[in-house]
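This is what each chain is made of:
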Amino acid sequence: MDERNKQGQRVTIIGMVGNVVLTGIKGFIGFLSGSSALIADATHSFTDILGSGVVLGGLKVASQPPDETHHYGHHKAESIVAKIVALILIGTGVGIGWSSLNTFLQGNIVAPEISALWAVLLSIVAKEGMYQYTAYVGKKIKSSAVIADAWHHRTDSLSSVAALIGIGGARLGYPQLDPLAGIFVAGMIIYSGVKIYLTAIHELMDKAPDLEVIEKIKDIALKVNGCKEINDIKARYLGSNIVVDLKICVNPYVTVMEGHGIAAEVKKQIIEQIEDVVDVLIHVNPCTHKERESD
């Protein structure tokens, strides 16, 4: 297993352990204190455990080398995992929203105990710290699955802020704020889930990298001695990696061996200078008569 996947699995396991502790604390205190917002927040933390488990499995699959049935490797497993995490988030948001709405409509809401406030403050600090750490690692290793898991932590942190407002308002004489906070939390969770889901869909549909990356690939290729022109360029994401298809133009009078050497150097330079690029397939074309004259 390479260092990239080791880092991704390490941060995911740390997140799972933290969520187990937080889920237990928030669930227990939420039940004793009678806080709908805190129970909703605990439920969200529980889904973080499930989501992290899915991410962990996906990272293990994505780290496997190409085989007879997957010639291009298993990199897209990360995008599939991000999609699953997104669906878990959306489902959780719908469930929390429905439960909180029922509590609000039923009335007879009792303000939660002060212990609920301490529990939610602990959750805010812990989950924001987990988000910052997981997001840092996710961006460092360019893993959509780990970044999705980080946003799972961030939405839990934000939901805890909403729960804090709801619990605090309920204790100040506005008990309706507690279930309303639960509804607000649900909305944030659903929004985050949809955002992650759309990102994963783009990756699975072979989304092209930014135009700046395409231009950089062109510039690198044209600086190689013997590469006269770029006839065509296509690039797509393969999980967190980029693969490139390139058509270059060379002097039509060079030998096959020389043309192959030019293409090999173009490929070498692109992979060395753009760290996300893992493969470049190059087709060599002869230059036109006009280009030949300017050679």
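About the criteria used
Residues numbered from 1 in each chain as written. Predicted model: local features only at pLDDT ≥ 70, side-chain atom pairs only at ≥ 80, totals over all residues. Heavy atoms only, no water. Domains from an automatic or database assignment. Contact = heavy atoms within 4.5 Å. Buried area = accessible area lost by both parts, 1.4 Å probe. UniProt positions renumbered as here; feature names shortened; annotations may be inferred. Helix = DSSP H or I, 4+ residues; strand = E, 2+ residues; numbered from the N terminus. Phe/Tyr/Trp six-rings, centres within 6.5 Å; stacked < 30°, edge-to-face > 60°. Lys NZ or Arg CZ within 6 Å of the ring centre and 35° of its normal. Salt bridge = Lys/Arg side-chain N within 4 Å of Asp/Glu carboxyl O. Buried < 20%, exposed > 50% of the residue type's maximum accessible area, 1.4 Å probe, protein only. Expected span 1.5 Å × (residues − 1). Arc of directions from axis to C-beta. Core = buried A, V, L, I, M, F, W, Y, C linked by side-chain atoms within 4.5 Å. Pairing = 2+ DSSP bridges. Axes fitted to C-alpha atoms, helices over the stretch in contact; angles between N-to-C directions. Parallel < 35°, antiparallel > 145°, perpendicular 65-115°, else oblique. Nonpolar A, V, L, I, M, F, W, Y, C, P; charged D, E, K, R; others polar. pLDDT = per-residue confidence, 0-100.

### Thoughts on the domain arrangement of the protein
Phase 1: By domain assignment, the protein separates into domain 1 (3–205) and domain 2 (211–286).
Phase 2: Relative placement of domain 1 and domain 2: their C-alpha centres are 42 Å apart.
Phase 3: The interface of domain 1 with domain 2 comprises 10 residues on the first partner and 7 residues on the second.
Phase 4: Each partner contributes to the roughly 730 Å² buried at the junction of domain 1 and domain 2, and carbon and sulfur atoms together form 52% of this total.

### Things to note about the UniProt feature "transmembrane region" (unreviewed entry) in the protein
Phase 1: Taken from the UniProt record, the annotation "transmembrane region" (unreviewed entry) applies to residues 12–32, 80–101 and 180–198.
Phase 2: In this annotation, residues 80–101 is assigned 100% helix and 0% strand; the end-to-end C-alpha distance for the span is 32 Å.
Phase 3: Structurally, residues 180–198 is divided into 100% helix and 0% strand, and its ends, taken at the C-alpha atoms, are 28 Å apart.

### Regarding the packing of aromatic side chains
Phase 1: Tallied over the full model, the rule gives 0 aromatic pairs.
Phase 2: When the ring centre of Tyr 131 is taken as origin, the NZ or CZ atom of Arg 154, which lies over that ring, is 3.9 Å away.

### Here's the deal with the pattern of salt bridges
A side chain of one charge can pair with a side chain of the opposite charge if their charged atoms are brought near each other.
Phase 1: Enumeration according to the criterion identifies 7 salt bridges in this entry.
Phase 2: The salt bridge involving Arg 154 is made with Glu 128; its shortest N-O contact spans 2.7 Å. You can see Arg 154 sitting in helix α5 (residues 144–171) and its partner Glu 128 sitting in helix α4 (residues 115–141), a full 26 residues away along the chain.
Phase 3: Judged by its relative accessible area of 17%, Arg 154 falls in the buried class.
Phase 4: The partner of Arg 236 in a salt bridge is Asp 206, and the shortest N-O contact between them spans 3.7 Å. Of the two residues, Arg 236 sits in strand β1 (residues 229–238) while Asp 206 sits in the loop between α6 (177–204) and α7 (211–222), which places them 30 residues apart along the sequence.
Phase 5: Of the residues examined, Asp 206 reaches a relative accessible area of 31% and is grouped as partly exposed.

### So, helix α8 (residues 256–273)
Phase 1: If you check α8, its first and last C-alpha atoms are 26 Å apart, about what 18 residues at 1.5 Å a residue would give, namely 26 Å.
Phase 2: Listed as buried for α8 are Gly 259, Ile 262, Ala 263, Val 266, Gln 269 and Ile 270. Buried residues along α8 cover an arc of 125 degrees about the axis, so they all sit on one side. Summarising the geometry of α8, the exposed residues directed more than 90 degrees from the buried face are Val 256, Met 257, His 260 and Glu 272.
Phase 3: Where α8 is buried, its residues touch α7, β2 (241–250) and β3 (277–286).

### Quick word on the nonpolar core
Phase 1: In terms of nonpolar packing, the biggest core is built from 22 residues, with Cys 227, Val 244, Leu 246, Ile 248, Val 266 and Ile 270 touching the most fellow members.
Phase 2: Among the secondary structure elements, those contributing two or more residues to this core are α7, β1, β2, α8 and β3.
Phase 3: Sorting elements by how many residues they give to this core places β2 first, with 5 residues.
Phase 4: Sequence-distant contacts of Cys 227, that is, excluding residues within four places in its chain, are made with Ala 221, Leu 222, Ile 248, Cys 249, Ile 262 and Val 266.

### Things to note about the sheet that holds β3
Phase 1: In space, the 3 strands of this open sheet follow the order β1-β2-β3, with mixed pairing throughout. The open sheet terminates on both sides in strands that have one partner only, identified here as β1 and β3. Across the sheet, the axes of successive neighbouring strands diverge by a mean angle of 15 degrees, strand direction being ignored.
Phase 2: Pairing geometry for β2 and β3, over 9 bridges, is parallel. Bridge pairing in β3 links Val 243 to Asp 279.
Phase 3: Sheet strands in contact with α7 are β1 and β2, and its direction is about 135 degrees off that of β1.

### Some details on the packing of helix α2 (residues 36–62) against α5
Phase 1: The N-to-C vectors of α2 and α5 enclose an angle of 175 degrees; their axes lie 10 Å apart at closest approach. If you check the angle between α2 and α5, you find them roughly antiparallel. Between α2, through Ala 37, Leu 38, Asp 41, His 44, Ser 45, Thr 47, Asp 48, Gly 51, Ser 52, Val 55 and Leu 59, and α5, the contact on the second element is made entirely by Ala 145, Val 146, Asp 149, His 152, His 153, Thr 155, Asp 156, Ser 159, Ser 160, Ala 163 and Ile 167.
Phase 2: Taken together, the residues of the contact of α2 with α5 break down into 8 nonpolar, 10 polar and 4 charged.

### Remarks on the confidence of the model for the protein
Phase 1: Looking at the protein as a whole, the pLDDT averages 83, with 96% of positions reaching at least 70.
Phase 2: Between residues 291–295, whose pLDDT stays under 50, and residues either more than four places distant or in other chains, the model counts 7 contacts.

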